[in-house]
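Letter by letter, the chains look like this.
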Amino acid sequence: MEGSILFLPGDGIGPEVLFEARRVLEALGGIFGHRFEVIEAPIGDGAIKSCGDSLPPETRALAVDVDAVLLGAVGLDVRSADGGDVDAAGGLLDLRQLLGNHANIRPVAVPEALVARSPLRPDRVRGVDLVVVRELLGGIYFGQPRGIEDGVAFDTEIYTEEEIRRISVSAFELARTRRRKVTSIDKANVLESSIFWRRIAEEVSRDYPDIAFSSMLVDNCAMQLIHNPRQFDVLLTSNMFGDILSDEAAVLVGSLGMLPSASVGGDIGLYEPVHGAAPDIAGRGIANPIGAILSVAMMLELAFALPEEADAVRAAVNRVLGDGYRTADLRDDGGRTPVSTARMGELIVAALDKVGASGWAGTAGAAGGPRRRAC
Ligand code: IPM
Ligand code: MG
């Protein structure tokens, strides 16, 4: 098959991890006989510097004209209180809105090879396999009014019935393909928006009698994720709670660098590692590219309906981890010397050759370098 993918490397370690993701994609194209056209465009702080806009018009136009979008990371700085010009995250929020992707799917599965790496006891994390289904286009991220005026700062958590209903449906539908359990997260002992969220989620649950449903307060969930993470299958969350809980859940796997995500619901999916731009380690060649590479796997499955290819990527990652290779973020105390970002990418490509060998199509793969677009 043929497909077009917009690569948005973004800031910090974004370009480094997407470079490895592209290598994996090209190798996969070669093995399975697919041709992926890769186009690159600017987003984030880099785009502000070069184009004066964190999501330039050219990037917008391309994003709605491809089969899928793969993003590295954005944002080197936190936006200043005076609302200054540093708003790289705004470009990502605009992109999510532009694509209409209301459901952010963040799987957290602990590979056997990393069980010992987690700061939690192995018996707690072994077999953890959950998914955070995070509402992505509403809540306090977008609610109006917001501002800082006359010594008062305010944001608005706001959810419509329709928004809660559609993300709930996404969570329940996903649960049907898994262990059939949905836990909806809220703060219904305090917040009106959460009381409403709980009511609507419960209503939707009645359409899914085959799914075990419960609601849980977010503070309790934060504790349960560490105390007994295996109890969870699908976590249904608002935009903000999902953002926070998915970072916490990354600890179960041993590193935020491991987690992929898919944002779906519109016509074109957006795939991105859960981690940020990590300016402290950018340019040093030590970032973990696995979150980006597993995002490619999600893209293959969801945007291109290629589950076998997606599984090949996941199997290659597991094989490399099983062989004991680790980037610096995953290193065990006393373990062997960590490998670089590029070496991890090479190892996964090499493993892909082995796991994909049974399905060899053997044709020439993806196009050479990506086409680059400026502003
Ligand atoms: C994430 C990130 C983003 C978010 C930021 C960069 C806007 O933290 O994808 O988890 O909060 O959604
Ligand atoms: Mg986050």
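Small disclaimer: the values here were computed from a predicted structure and weren't measured. Every chain begins its residue count from 1, and numbering advances along the sequence as written. Chain labels run from A onward and ligand labels from 1 onward, assigned in the order the entries are written. Only residues with pLDDT of at least 70 get local features here, since the model is predicted, and only at 80 or more are side-chain atom pairs given and counted; chain-wide, interface and lining totals rely on the full set of residues. Only heavy atoms go into the side-chain values, all of them from the structure, while hydrogens and water stay out.

A. Focus on the overall build of the chain. Here a helix means four or more residues in a row that DSSP labels H or I, a strand means two or more in a row labelled E, and each is numbered from the N terminus. For the chain, the helix and strand inventory stands at twelve helices and 13 strands. By the burial criterion, 51% of the 375 residues in the chain qualify as buried. Exposure was quantified through the Shrake-Rupley algorithm and a 1.4 Å probe, taking into account, for residues, occlusion by the shown protein chains and nothing else. When the accessible surface of the chain is split by element, carbon and sulfur atoms take 51% of a total near 15500 Å². The charge count treats Lys and Arg as positive and Asp and Glu as negative. His and the chain ends do not count. The location of each charge is read from NZ of Lys, CZ of Arg, CG of Asp or CD of Glu. Looking at the chain, you have 37 positive and 53 negative side-chain charges, and the mean spots of the two groups are 6 Å apart. Each residue's exposure class comes from its accessible area (1.4 Å probe, protein chains only) as a fraction of the maximum for that residue type: buried when under 20%, exposed when over 50%, partly exposed otherwise.

B. The arrangement of the site of ligand 1 in detail. We define proximity as follows: a residue is near a molecule or strand when any one of its heavy atoms falls within 4 Å of that partner. Around ligand 1, the structure places Ala89, Arg96, Arg106, Arg134, Tyr141 and Asp243. N or O atoms closer than or at 3.5 Å make up a polar contact, with two conditions inside protein: a donor-capable atom paired with an acceptor-capable one, and, for residues adjacent in sequence, both atoms drawn from side chains. Within the side chain of Arg96, a nitrogen or oxygen atom sits 2.7 Å from an oxygen atom of ligand 1. In this structure, Asp243 approaches ligand 1 through a side-chain N or O atom, which is 2.8 Å from an oxygen atom.

C. Up close: the pattern of salt bridges. By definition here, a salt bridge exists when the distance from a side-chain nitrogen of Lys or Arg to a carboxyl oxygen of Asp or Glu is within 4 Å. Within the structure shown, the criterion is met by 23 salt bridges. Ionic pairing is found between Glu301 and Arg314, a salt bridge with its closest N-O pair at 2.8 Å. Of the two residues, Glu301 sits in helix α10 (residues 290-302) while Arg314 sits in helix α11 (residues 307-322), which places them 13 residues apart along the sequence. Residue classification places Arg314 among the partly exposed residues on the basis of a relative accessible area of 27%. Here the salt bridges do not stand alone but share partners, grouping Asp129, Arg178, Arg179 and Asp233 into one network.

D. Local environment of helix α7 (residues 192-205). Taking 1.5 Å of rise per residue, the 14 residues of α7 would be expected to cover 20 Å, and the 20 Å separating its terminal C-alpha atoms lies within 8% of that figure. Only heavy atoms matter for contacts: two residues are in contact if any of them lie within 4.5 Å across the pair. For α7, the secondary structure elements touched by its buried residues are β5 (129-135), α6 (161-176), β8 (181-186), β9 (212-217), β10 (234-237) and α9 (239-253). The span you would expect from a helix comes to 1.5 Å times its residue count less one.

E. Representation of the pairing of β9. Here, any two strands with at least 2 DSSP bridges between them count as paired. Here six bridges tie β8 to β9, and the two strands are oriented parallel to one another. Pairing of Ile185 across the sheet is with Met216, part of β9. With its strands directed away from the observer, a crossover is right-handed exactly when the path from the first strand over the helix to the second travels clockwise. Assessed by its sense of winding, the connection that carries the chain from β8 through α7 to β9 is right-handed.

F. Spatial organisation of unusual backbone geometry. Geometrically, the link from Gln144 to Pro145 is a cis peptide bond, its omega value of 0 degrees lying close to zero. Positioned with a positive phi, Ala278 is a non-glycine residue whose angle comes to about 45 degrees. Within the secondary structure layout, Ala278 lies in the loop between β12 (269-271) and α10. The exposure class assigned to Ala278 is partly exposed, which follows from its relative accessible area of 23%.

G. Representation of the sheet that holds β12 in the model. On the basis of which strands lie adjacent, the open sheet formed by eleven strands has the order β9-β8-β10-β5-β4-β11-β12-β3-β1-β2-β13 and mixed pairing. Sheet topology places β9 and β13 (371-372) at the edges, where each strand pairs with a single neighbour. Note on geometry: axes are C-alpha line fits, over the in-contact stretch for helices, and angles between N-to-C directions span 0 to 180 degrees. On the sheet, helix α1 (residues 14-32) packs against β1 (2-10), β2 (35-40) and β3 (68-73) and is oriented at approximately 165 degrees with respect to β1.

H. Just the nonpolar core, in detail. We call a set of buried Ala, Val, Leu, Ile, Met, Phe, Trp, Tyr and Cys residues a nonpolar core when their side-chain atoms join them within 4.5 Å. Ranked by size, the top nonpolar core spans 89 residues in total, and within it Leu25, Leu130, Leu225, Leu252, Leu300, Ile348 and Leu352 carry the most contacts. In terms of nonpolar packing, the next biggest core, distinct from the first, is built from 18 residues, Leu6, Val69, Leu92 and Leu270 among them.

Purely geometric numbers; function is a separate question.
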